[in-house]
Amino acid sequence: MPKANPRHPDFPIPGGPELRARTWRAEGLLRLLENVLSVGEAPERLVVYAALGKAARSWPAHQAIVKSLTEIEEDETLIIQSGKPVGLLKTHPGAPMVIMANCNIVGQWAKAEVFYELERKGLICWGGLTAGAWQYIGSQGVIQGTYEIFMRIAERRFGGTLAGRFILTAGLGGMGGSQPLAGRMAGAAILCVEVDPARAEMRREIGFLDAIAPDLESALAMIDAARAEGKALSVALIGNAAEIYPEIARRGITPDIVTDQTSAHDLVYGYIPAGYDLARVQRLRAQNPEELIEAGRASIAQHVQAMLAFQSRGAEVFDNGNLIRTQAQQGGVANAFDIPIFTEAYLRPLFARAIGPFRWMALSGEEEDIRRIDDLVLAMFPDDRIVTNWIRLARENVPFEGLPARIAWLGHGARTDLALAVNRMVAEGKLAGPVAFSRDHLDAGGMAHPNIMTENMRDGSDAIADWPLLDAMTLCASGADLVTVHSGGGGYAGYMTSAGVTIVAEGSASAEDRLRRALSNDTALGVIRYADAGYPEALDEVARKGIGHVRCAG
Ligand code: NAD
């Protein structure tokens, strides 16, 4: 039975033993589509997160996807072009059940204005990374990534703990909404500036945020008190980051860590310029988008100048993957790229070993299934400090949103071993239903994004999109259930290419084959990508795990 969804009553959370589709593979993918809407930001517009990241192109396209998934046979593949199903083709039972390509625009034309025009004509939609691929699991999907960044900074600069430290950030949307909880879990006092009171209120209601301060003075006083006691606390302040950051800088206050997760990648549907209220922005989106672009760039310039001022005073400042530096540079801030990107600064050694945001969703809708898998993870990987620490923290602190799900940064071999063990549990009836395995697109083999994932690669291969395309083809050859190639990223067009994958562990022998091949080859390709770029961690992983990396002299 689907469960009521208080946040979006028209979009119940899927679950229960009844199948509407002919197989669990198709039913699982259908439930994941329903799930991204149930936890999305504006499901009535099909928007899941990041301002315009959609689950399907239009409501008729959505209905056609649902119908196709309920009718699809084991030996067929549904072809989806930018959120619209276009073909249901005879393939074979080992082939993917769904393949999709989202928002891929030919090089010279891959610009925001072309995207907006194609979108207006109903020819394309942007799927974000996990929205169009039906893999989004709410703010919890990025929460471990944010937590791990904070912990790497803690280890590097603050003796391993953020107790008594002040984090300043902004944006409490679909992804950014994870920041207050990640900051609190890391032990810090975190202040999150958010322009839309409804977004902050929602994060407070679901337990991701402790308090909303009435004004800047109170917010800073709450942060000071928490710092003095070494107490973890998350506080939101309703306001515009382009005004609040410079004001904090003007007062001579220097936070320990500064970042930002507003939708800076989109100056029309995302970022709110200083001095504009939400209703005015809403009107201008239709009437005068050019004004919003101009005002947004000018605001981002102020916003980033304040971040640079904090950096020059010794704060740890980083870009959290929203293209704010790119926009600031276009707005005249020549040294915006003095701010490092989080991937290069903190996470690359993990990605070089293909350790990244792996995730699983209990298709039964039962939270107990996730708790059982938590126990399994703790038993299987007792020596993996990142994983065991995270699972213990997550089970205590991270509320479930939508289908119960968990994320853990696992790498080559570990992902496959876990998924196979879960598939056996499903077969033996130890879980209430099948489990879907997936990952963020921001993963070792899955993404080329020269301003986020692949900035400053050791061999200069930042902008080469061959890797995610190879990943998607490898995943198809390996028989994953859903394989997707997305482009756009922040800025919609021309900024990135990524590959996504989902496999349903429904307890069968064929699921075991799919999981083994697809998960092992996905992480193998990730390690190979970094080995090819010369990262010692990847070369070590190749040698230790016998990964099939072909080395050649030229
Ligand atoms: P979202 O659109 O759901 O939320 C953005 C939030 O920022 C909204 O709540 C909005 O009200 C607020 N906001 C906009 N302008 C503001 C301003 N000037 N001051 C204060 N608040 C403002 O987007 P999201 O899903 O949370 O994603 C945020 C950004 O992070 C996007 O650019 C996205 O592409 C990027 N992102 C990065 C990663 C990563 O890997 N680190 C992952 C996902 C998304």
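Residue numbers restart at each chain and count upward from 1, following the sequence in its written direction. Totals for whole chains, interfaces and linings use every residue, but because this is a predicted model, local features are given only for residues with pLDDT of at least 70 and side-chain atom pairs only at 80 or more, for both listing and counting. Water and hydrogen atoms play no part in the side-chain values, which are based on all heavy atoms of the structure.

Undergrad: Could you give an account of the overall build of the chain, naming the residues involved and the relevant values?
TA: Secondary structure counts use DSSP, requiring at least four H or I residues in a row for a helix and at least two E residues in a row for a strand, with both numbered from the N terminus. The secondary structure content of the chain amounts to 18 helices and 17 strands. With the radius of gyration taken over C-alpha atoms, the globule rule is written as 2.2 Å times the number of residues to the power 0.38. The globule rule puts the C-alpha radius of gyration for 554 residues at 24 Å, and the 22 Å found for the chain is close to it. With the C-alpha coordinates aligned to their principal axes, the bounding extent of the chain is approximately 65 × 55 × 55 Å. Exposure categories follow from relative accessible area, calculated using a 1.4 Å probe and restricted to protein chains: below 20% of the type maximum is buried, above 50% is exposed, and the middle band is partly exposed. Counting over 554 residues, the chain shows a buried share of 62%.

Undergrad: Go over unusual backbone geometry with me, naming the residues and quoting the values.
TA: One non-glycine residue, Ser82, lies in the positive phi region at around 40°. Among the secondary structure elements, Ser82 is positioned in the loop between β3 (76–81) and β4 (84–90). When its relative accessible area of 3% is taken as the criterion, Ser82 is described as buried.

Undergrad: Could you give an account of helix α15 (residues 414–427), naming the residues involved and the relevant values?
TA: Compared with an ideal rise of 1.5 Å per residue, which puts 14 residues at 20 Å, α15 spans 20 Å between its outermost C-alpha atoms and is within 8% of the ideal. Burial of α15 is extensive: 11 of the 14 residues sit out of reach of the surface. Buried within α15 we find Ala414, Arg415, Thr416, Leu418, Ala419, Leu420, Ala421, Val422, Asn423, Met425 and Val426. When checking whether two residues touch, look at their non-hydrogen atoms; a contact exists if any pair is within 4.5 Å. Structurally, α15 contributes buried residues whose contacts are with β12 (356–362), α13 (367–380), β13 (405–410), β14 (435–439), β17 (497–505) and α17 (509–532). With its phi angle positive at about 70°, Gly429 sits one or two positions after the end of α15. To estimate how far a helix should reach, multiply one less than its number of residues by 1.5 Å.

Undergrad: Go over the site of the ligand with me, naming the residues and quoting the values.
TA: Around the ligand lies a shell of 30 residues, among which Gly176, Glu194, Ser263, His265 and Asn320 are the nearest. One of the side-chain N or O atoms of Glu194 is found 2.5 Å from an oxygen atom in the ligand. Considering the ligand on its own, with 860 Å² of exposed area, one finds that the protein chains cover 94% of that surface. Proximity is defined per residue: if any heavy atom of the residue lies within 4 Å of a molecule or strand, that residue is considered near it. By the criterion applied in these results, polar contacts are pairs of N or O atoms within 3.5 Å in which, for protein atoms, one can donate a hydrogen and the other can accept it, and in which residues neighboring in sequence qualify only through two side-chain atoms. Per-residue accessibility takes into account occlusion by the displayed protein chains alone, with areas from the Shrake-Rupley method and a 1.4 Å probe.

Undergrad: Which residues make up a nonpolar patch on the surface, and what values do they have?
TA: Note on patches: the residues involved have over 30% relative accessible area and no salt bridge, like charges join within 9 Å, and the nonpolar side chains Val, Leu, Ile, Met, Phe, Trp and Tyr join within 5 Å. Salt bridges are identified by distance alone: a Lys or Arg side-chain nitrogen within 4 Å of an Asp or Glu carboxyl oxygen. A surface patch of nonpolar side chains, about 270 Å² in accessible area, is lined by Leu469, Leu470 and Met473. Mapped onto the fold, Met473 is located in helix α16 (residues 466–477).

Undergrad: Describe the nonpolar core, with residues and values.
TA: The biggest cluster of nonpolar side chains holds 143 residues, and the ones touching the most others in it are Trp134, Trp360, Trp390 and Leu418. Residue contacts for Trp390: discarding those within four places in its chain leaves Ile143, Gln144, Tyr147, Glu148, Met185, Val398, Ile407 and Ala408. As used here, the term nonpolar core means buried Ala, Val, Leu, Ile, Met, Phe, Trp, Tyr and Cys residues forming a set that is joined through side-chain atoms within 4.5 Å. Among the nonpolar cores identified, the runner-up in size contains 39 residues, and Val193, Ala242, Ile244 and Leu267 belong to it.

Undergrad: Any chance you could break down the UniProt feature "domain: Urocanase N-terminal" (unreviewed entry) in the chain for me, citing the residues and the numbers?
TA: UniProt positions are given in the numbering used here, feature names are shortened, and annotations may be inferred rather than shown by experiment. Using the residue numbers shown here, the UniProt feature "domain: Urocanase N-terminal" (unreviewed entry) corresponds to residues 17–134. Taken end to end, residues 17–134 comprises 31% helix and 19% strand; its first and last C-alpha atoms sit 20 Å apart.

Undergrad: Got a sec to walk through the packing of α17 against helix α18 (residues 536–545)? Specific residues and values, please.
TA: Every axis in this analysis is a line fitted to C-alpha atoms, fitted for helices over the stretch in contact. Angles between the N-to-C directions lie between 0 and 180 degrees. Between α17 and α18, the least distance of the axes is 7 Å, while the angle of their chain directions is 130°. With respect to their mutual orientation, α17 and α18 come out oblique. Crossing of α17 against α18: the hand is left-handed. Residues Val527, Tyr530 and Ala531 of α17 form the contact with α18, whose participating residues are Ala538, Leu539, Glu541 and Val542. Here the residues of the contact of α17 with α18 sort into six nonpolar, no polar and one charged. In these notes the angle categories are as follows: under 35 degrees is roughly parallel, over 145 is roughly antiparallel, 65 to 115 is roughly perpendicular, and the rest is oblique. Handedness of a crossing follows from how the near helix is turned relative to the far one, being left-handed for an anticlockwise turn of less than a right angle and right-handed for a clockwise one. For this scheme, ten residues count as nonpolar: Ala, Val, Leu, Ile, Met, Phe, Trp, Tyr, Cys and Pro. Four count as charged, namely Asp, Glu, Lys and Arg, and the remainder, Gly too, count as polar.

Undergrad: Before we move on, can you summarise the domain arrangement of the chain with the specific residues and values?
TA: A domain assignment, automatic or from a database, supplies the domain bounds used here. On domain assignment, one finds that the chain holds domain 1 (1–81 + 110–136), domain 2 (139–340) and domain 3 (350–479 + 499–545). Taken over C-alpha atoms, the centre of domain 1 sits 22 Å from the centre of domain 3. Once two parts are put together, the accessible area they lose, assessed with a 1.4 Å probe and summed over both, is termed the buried area. Roughly 1600 Å² of surface becomes buried between domain 1 and domain 3 when both sides are summed, with 61% attributable to carbon and sulfur atoms. Contact with domain 3 buries area across many residues of domain 1, yet Arg25, Leu129 and Gln135 alone supply 35% of it, more than any other trio. Counting the contacts that link domain 1 with domain 3 gives one salt bridge. Two residues, Glu74 and Arg514, come together in a salt bridge whose shortest N-O distance is 4.0 Å. The interface formed by domain 1 and domain 3 contains 10 residue pairs in polar contact (both at pLDDT 80 or more). Broken down by class, the residue content of the side of domain 1 that touches domain 3 amounts to nine nonpolar, seven polar and four charged.

Undergrad: Quick one: what's the story with the pattern of salt bridges, residue by residue and with numbers?
TA: Applying the stated criterion across every chain yields a total of 48 salt bridges. For Arg439, the salt bridge goes to Asp471, with nearest N and O atoms at 2.9 Å. One end of the pair, Arg439, is in strand β14; the other, Asp471, is in helix α16, with 32 residues separating them in the sequence. Given the relative accessible area of 0%, Asp471 is considered buried. As a salt-bridge pair, Asp540 and Arg544 come within 3.3 Å of each other at their nearest N and O atoms. Within this pair, Asp540 and its partner Arg544 are both found in helix α18, separated by four residues, close to a single helical turn. Asp540 sits in the partly exposed class, given a relative accessible area of 29%. Through salt bridges that share partners, Arg7, Glu41, Asp196, Arg199 and Arg203 make up one connected network.

Undergrad: Can you break down the packing of aromatic side chains residue by residue, with the values?
TA: The description of an aromatic ring pair uses the distance of the two centres, along with the angle that the planes make with each other. Each pair of aromatic rings taken from Phe, Tyr and Trp, with Trp reduced to its six-membered ring, is defined by centres within 6.5 Å and is described as stacked if the planes are under 30 degrees apart, edge-to-face if over 60, and tilted in the remaining cases. Taken as a whole, this structure holds 11 aromatic pairs when the rule is applied. Each ring, one from Tyr147 and one from Trp390, has its centre 5.5 Å from the other, and the planes form 45°; the classification is tilted. Of this pair, Tyr147 sits in helix α4 (residues 140–157) while Trp390 sits in helix α14 (residues 385–397), and the two are 243 residues apart along the sequence. On the basis of relative accessibility, which here comes to 3%, the residue Tyr147 falls in the buried class. Judged by relative accessible area, which is 1%, Trp390 ranks as buried. One aromatic cluster is present, formed by Phe115, Tyr116 and Tyr269 through successive ring pairs. Here, over-ring charges are defined by two tests on the NZ atom of lysine or the CZ atom of arginine: distance to the ring centre within 6 Å, and angle to the ring normal within 35 degrees. Note that Arg280 overlies the ring of Tyr276, its terminal NZ or CZ placed 3.9 Å from the centroid. We note Arg529 situated over the ring of Tyr530; from NZ or CZ to the ring centre the distance is 6.0 Å.

Undergrad: Account for the pairing of β14, with residues named and values stated.
TA: For β14, the buried fraction is high: five of the five residues fall into the buried class. Of the two faces of β14, the one carrying Val435, Phe437 and Arg439 and the one carrying Ala436 and Ser438 are both buried. One ladder, built from five bridges, connects β12 with β14; its direction is antiparallel. Paired with Trp360 across the strands is Phe437, a residue of β14. Between any two strands, pairing holds if DSSP finds at least two bridges. Two elements, β14 and β17, share four bridges in a ladder whose sense is antiparallel. Within β17, the residue paired with Val435 across the bridge is Ala505.

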